[in-house]
Amino acid sequence: MSKALVLAESRDGNLRNVSFEAIAAANLVADEVVVALIGQNVAADASQLAARGAHQVLVVEDERLQHYTPDGYGQVFMQLIERVAPDVIVFGHTSLGKDLSPKIAAKLQAGLISDVTSIEGTGTEASFIRPIYSGKAFEKVKVSEGKILFTVRPNNIEPLAEGASEGTVESVTVELKDLRTIVSEVVRKATGGVDLSEAKVIVAGGRGVKSADGFAPLQELADLLGGAVGASRGACDADYCDYALQIGQTGKVVTPDLYIACGISGAIQHLAGMSNAKVIVAINKDPEANIFSVADYGIVGDLFDVVPLLTAEFKKMLV
Ligand code: FAD
């Protein structure tokens, strides 16, 4: 019977959706799924994990683990690996997962399949699909021997419904020694409510937005649709918005249900971060803009005319 260990992520007291997606992925590959929930005051979230595909949730709480550090989480996770002896280890393809997973893989002398978007087959026959060449192609990876470690891209694997499992919850004490880093405080820049990497709707602006104030109509549309605002590097470089909003090869990779690109030309580096969105709407003055080559719906026009019109129409439908 094969076992998986999944690292769940909680931020600001909320479980990140990618935790449930990672559990669903683990269930495809292993017979038994154990979930690690690490942090401070996180135990209350364990029951949600236990109901959505986890057979067991191991909760590790310590005030030194309130914020992620590779040192602290690495020590805890390695001790949980010793305890669980998993055949499969799953992380979200998030900042945390991207940082911790290669360290764990190196410690275990195992390979790592990063940024998995889907899984074909089950158990030892499972093949992992991941984008390569900035999303221009996909490769299928199969592990022939040893532990299977992989990270799952947010918003790609369907989480299991509530009631999918009736897992147990156990509080675990681990030894933390010689921590070299302790984060005492995190000061976040205000970038709006919805987390960009998990947003179902993204309204993104490029250099065509022309100023920081030019993002206001995009924010209004995003708020109306319960989504987040994103940006091209062009807009970030021009100081219209924070780099935390950048989408693309050197920014965030997103897979929302709806991506509305406003005044973005569609450079290959931008497409690398958003071309797998389920539906892409592009608004651009230039009918030759490359963004139209990936768009499902293209609107040739001035974004300052089109975005308010879209907002007004959505308001009629939603409000
Ligand atoms: P532009 O290319 O200047 O396009 C602006 C668009 O707005 C034009 O198509 C114009 O027709 C349109 N427009 C202007 N006014 C209006 C209006 N009123 N209404 C409607 N449309 C209008 N870029 C990223 O985005 N993400 C990355 O992660 C990234 N990584 C990079 C990594 C490397 C190594 C390199 C070399 C580049 C990277 N870039 C990245 C930069 C990328 O090559 C482009 O320069 C950038 O994406 C261009 O941003 P833009 O589309 O906003 O600007």
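Data block above holds the structure.
An account of the accompanying structure is given in this report. (Residues numbered from 1 in each chain as written. Predicted model: local features only at pLDDT ≥ 70, side-chain atom pairs only at ≥ 80, totals over all residues. Heavy atoms only, no water.)

**Observations regarding the site of the ligand**
So, step 1. If you check the shell around the ligand, you find 26 residues, and the closest are Arg207, Ser232, Thr250, Ser265 and Asn284.
So, step 2. The separation between an oxygen atom of the ligand and a polar side-chain atom of His270 is 2.9 Å.
So, step 3. With respect to the ligand, the backbone of Leu303 contributes an N or O atom lying 2.9 Å from a nitrogen atom.
So, step 4. Here the ligand loses 76% of its free accessible area of 990 Å² to cover by the protein chains.
So, step 5. Elements with a contribution of two residues or more to the shell around the ligand: α6 (233-237), α7 (268-274) and α8 (303-318).
So, step 6. Looking at side-chain class alone, the shell around the ligand contains five nonpolar, 15 polar and six charged residues. (Near = heavy atom within 4 Å. Polar contact = N/O pair within 3.5 Å; in protein donor to acceptor, adjacent residues only side chain to side chain. Areas by Shrake-Rupley, 256 points an atom, 1.4 Å probe, with all protein chains shown as cover. Helix = DSSP H or I, 4+ residues; strand = E, 2+ residues; numbered from the N terminus. Nonpolar A, V, L, I, M, F, W, Y, C, P; charged D, E, K, R; others polar.)

**Concerning the packing of aromatic side chains**
So, step 1. By the definition in use, this model includes three aromatic pairs.
So, step 2. An angle of 50° between the planes, with centres 5.4 Å apart, marks the rings of Phe77 and Phe91 as tilted. Of this pair, Phe77 sits in helix α3 (residues 70-84) while Phe91 sits in strand β6 (residues 88-92); the two residues are 14 residues apart in sequence, bridging distant segments of the chain. Here Phe77 and Phe91 have matching classes, each one buried.
So, step 3. Ring centres of Phe128 and Phe150 lie 4.7 Å apart, and the angle between their planes is 45°; this geometry places the pair in the tilted category. Separated by 22 residues along the polypeptide, Phe128 in strand β9 (residues 127-132) and Phe150 in strand β11 (residues 148-152) bring together distant segments of the chain. Each member of the pair, Phe128 as well as Phe150, carries the same accessibility label: buried.
So, step 4. The ring of Phe20 is capped by Arg52, whose NZ or CZ atom sits 4.1 Å from the centre of that ring. (Phe/Tyr/Trp six-rings, centres within 6.5 Å; stacked < 30°, edge-to-face > 60°. Buried < 20%, exposed > 50% of the residue type's maximum accessible area, 1.4 Å probe, protein only. Lys NZ or Arg CZ within 6 Å of the ring centre and 35° of its normal.)

**A word on unusual backbone geometry**
So, step 1. With phi around 55°, Gln109 is a residue other than glycine that occupies positive phi space.
So, step 2. In this fold, Gln109 is placed in the loop between α4 (95-108) and β7 (113-116).
So, step 3. Residue classification places Gln109 among the exposed residues on the basis of a relative accessible area of 74%.
So, step 4. Its identity as a non-glycine residue notwithstanding, Asp178 has a phi of 50°, on the positive side.
So, step 5. Here Asp178 lies in the loop between β12 (168-171) and β13 (201-205).

In short, geometric facts, not functional conclusions.
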